[in-house]
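Architecture at a glance
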Amino acid sequence: MNILSLVRENIKNLSPYSTARDEFKGIADVYLDANENPYPSDFNRYPDPLQQRLKTKISDLKSLPTDQIFLGNGSDEAIDLLIRTFCEPAREAILITEPTYGMYKVCADVNNVEVKKVKLTASYDIDVDVILSQLNDFVKIIFLCSPNNPTGNLLSKNKIVQLLERSNRIIVVDEAYIDFANNPGLTPILPSYPNLVLLQTFSKAWAMAGLRLGMAFASAEIISILNTIKYPYNINIVTQHIAFETLGQGHVKTNQVNEIIEQRKILSEKLLEIKCVQKIYPSDANFILVKMDNAKAIYDYMITKGIIVRDRSSVTLCEDCLRITIGTPVENERILSELKTL
Ligand SMILES: *Cc1c(COP(=O)(O)O)cnc(C)c1O
């Protein structure tokens with residue numbers, strides 16, 4: 001598959017902004033080339049535009065070469081850049097599978113790119129033939145989310161592979177919640193599919209939502225284009241530094257993830273004992289989708305008790321469903337006791 005042939009014409013021919021650090025890459029005593037303030041502080045110099053030190057660490061963790069790693073200001077930046085790379089505004093389209101994460105459509109709308117919607121099946125998996133039947137010459141990217149938000153389940157790997165092989169499109173698989181799944185995700189098959197883009201993030205398992213750091217993994221060809229069109233200094237020095245340090249503390253993340261997975265099981269079991277709860281959907285993420293009698297009323301009631309969950313009851317295939325993030329054991333007990341008094 002020829003990836004370059006899918007890229008927008010103007011993007012293919014673009015020259016990136018050339019930073020001072022692009023023009024002189026060596027080590028020197030005196031830097032007078034970037035109009036920085038010369039008085040030292042932690043922040044007076046611009047950050048590394050390509051985040052080399054941090055990427056080396058991520059490269060070890062994910063067993064991927066650094067030229068297959070893109071870092072963005074949240075994965076949201078990568079979503080936006082992917083749409084801008086491949087989709088001609090007012091002409092081309094993306095395809096999403098509903099229900100799913102809202103940012104794919106928002107970024108497409110901002111870029112005046114059409115959104116084709118295909119429903120997931122009743123068990124919230126993809127139907128390959130239905131997706132293939134909806135493709136036309138204008139659809140350039142298929143966005144999948146696995147584990148899916150807001151349903152919580154992994155999509156079947158074998159179906160994603162069929163799409164990779166049969167669709168002739170860029171397939172983006174958003175793995176924001178993969179650390180909570182008992183599954184390696186699709187990183188191991190990345191070398192086989194130049195049209196596959198994986199998104200991961202520091203916002204969930206790594207507990208750094210406030211720092212804004214997202215990752216995209218893809219063929220070096222695609223990563224190089226994302227690096228060409230991004231803002232030169234998209235990841236600030238503080239984020240680069242703290243993420244680097246936090247990656248050295250992997251055991252903290254692992255312990256928290258294990259605790260959350262354990263709590264997911266406990267909360268699910270205890271919720272099922274409550275009268276208004278109809279169904280808990282199986283989750284590979286740090287939240288559960290819960291079907292209830294009159295979810296909207298329960299949502300409003302929980303607000304009066306100071307507990308905020310996500311009302312998904314008006315979302316496709318999520319009628320009467322609330323999405324509940326797994327909290328600390330104390331927080332989970334609290335939601336259970338409020339629901340019991342209903
Ligand atoms: C939370 C979430 C993200 C994370 O986005 P960031 O911009 O990295 O914070 C990405 N995708 C999905 C599906 C999410 O739920």
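Use the structure listed above.
As the structure is a prediction and not an experimental result, all values here were calculated from the model.

**Observations regarding the site of the ligand**
Asp-174, Tyr-177, Thr-201, Ser-203 and Lys-204 are the nearest of the 14 residues found near the ligand. Take Thr-201: an N or O atom from its side chain is 2.6 Å from an oxygen atom of the ligand. Within the side chain of Arg-212, one N or O atom sits 2.6 Å away from an oxygen atom of the ligand. Calculation on the ligand without its partners gives an accessible area of 390 Å², and the protein chains cover 94% of this total. Residue composition of the shell around the ligand, by class: 5 nonpolar, 5 polar and 4 charged.

**Comments concerning the side chain of Arg-169**
On the secondary structure map, Arg-169 appears in the loop between helix H7 (157-166) and strand S5 (170-174). Despite being buried, Arg-169 has no salt bridge partner; Asp-137 is the closest side chain of opposite charge, sitting 5.1 Å away. Not counting chain neighbours up to four residues away, the residues in contact with Arg-169 comprise Met-1, Leu-135, Asn-136, Asp-137, Val-139, Lys-140, Ile-142 and Asn-195.

**Observations concerning the state of the cysteines**
If you walk through the whole model with that rule in mind, you get 0 disulfides. The thiol of Cys-145 is not disulfide-bonded; the next cysteine sulfur, from Cys-318, is found 12 Å away.

**Description of the packing of helix H4 (residues 75-86) against helix H8 (residues 220-229)**
Packing of H4 against H8 brings their axes to within 10 Å, and their N-to-C directions diverge by 100 degrees. Our classification of the angle between H4 and H8 gives roughly perpendicular. On H8, the residues touching Leu-81, Leu-82, Arg-84, Thr-85 and Phe-86 of H4 are Ile-222, Ile-225, Leu-226 and Ile-229.

**Observations regarding the pattern of salt bridges**
What the rule picks out here adds up to 16 salt bridges. A salt bridge links Asp-33 to Arg-21, with the shortest nitrogen-to-oxygen separation between them at 2.6 Å. Here the residue Asp-33 occupies a position in the loop between helix H2 (20-23) and helix H3 (52-62), and Arg-21 occupies one in helix H2, the gap between them amounting to 12 residues. Between Arg-84 and Asp-80 there is a salt bridge whose closest N-O contact spans 2.9 Å. Pair noted here: Arg-84 and Asp-80 are both in helix H4, with a separation of 4 residues, about one helical turn. The buried category is assigned to Asp-80, whose relative accessible area is 17%. A single network of salt bridges, built from pairs that share partners, joins Arg-91, Glu-92 and Lys-140.

**Brief notes about the pairing of strand S2 (residues 93-98)**
Of all 6 residues in S2, 5 are buried; the element is thus mostly enclosed. In the sheet, S2 pairs with strand S3 (residues 114-119) via 6 bridges, with the strands oriented parallel. When the bridges of S3 are listed, Ala-93 appears paired with Glu-114. You can see the chain leave S2, run along helix H5 (residues 103-110) and come back into S3, and the turn it takes is right-handed. The pairing of S2 with strand S4 (residues 139-145) spans 4 bridges and is classified as parallel. If you follow Ile-96 over to S4, its bridge partner there is Phe-143.

**Side note on the pairing of strand S6 (residues 196-201)**
The element S6 is largely enclosed, with a buried count of 6 among its 6 residues. Pairing analysis gives 4 bridges linking S5 to S6, with the strands arranged parallel. The partner of Val-172 across the bridge, within S6, is Val-197. In the sheet, S6 pairs with strand S7 (residues 214-217) via 4 bridges, with the strands oriented antiparallel. Opposite Leu-198, over in S7, you have Phe-217 as the bridge partner.

Here is what the cut-offs are and how they apply
Within each chain, residue numbers correspond to sequence positions counted from 1 in written order. At least 70 in pLDDT is required for a residue's local features to be given in this predicted model, at least 80 for side-chain atom pairs to be given and counted, and no such filter applies to totals for whole chains, interfaces and linings, which use all residues. The side-chain values count all of the structure's non-hydrogen atoms but skip hydrogen atoms and water molecules. Nearness of a residue to a molecule or strand requires only that one of the residue's heavy atoms be within 4 Å of it. Think of a polar contact as two N or O atoms within 3.5 Å of one another; within protein, one of them needs to be a possible hydrogen donor and the other a possible acceptor, and neighboring residues in sequence only count if both atoms come from side chains. Here the accessible surface of atoms and residues is derived via Shrake-Rupley with a 1.4 Å probe, and residues count as covered only by protein chains that are part of the display. Gly is placed with the polar residues, together with every amino acid not listed as nonpolar (Ala, Val, Leu, Ile, Met, Phe, Trp, Tyr, Cys and Pro) or charged (Asp, Glu, Lys and Arg). Helix and strand definitions follow DSSP, with helices as H or I runs of at least four residues and strands as E runs of at least two, each counted in order from the N terminus. Relative accessibility under 20% of the residue-type maximum defines a buried residue, over 50% an exposed one, and the middle range a partly exposed one, all with a 1.4 Å probe and only protein chains included. We count Lys and Arg on the positive side and Asp and Glu on the negative side, and we leave His and both chain ends out. Every case where a carboxyl oxygen of Asp or Glu lies within 4 Å of a side-chain nitrogen of Lys or Arg is listed as a salt bridge. By definition, residues are in contact when any of their heavy atoms lie within 4.5 Å. Disulfide assignment relies on a single distance test, namely cysteine sulfur atoms paired within 2.5 Å. Interaxial angle, 0 to 180 degrees, is taken between N-to-C directions of lines fitted to C-alpha atoms, where a helix line uses only the stretch in contact. Put simply, angles under 35 degrees are roughly parallel, angles over 145 are roughly antiparallel, angles from 65 to 115 are roughly perpendicular, and the rest are oblique. Each pair of strands is called paired provided DSSP finds at least two bridges between the two strands. The definition of a right-handed crossover adopted here requires that, viewed with the strands pointing away, the path from the first strand over the helix to the second runs clockwise.

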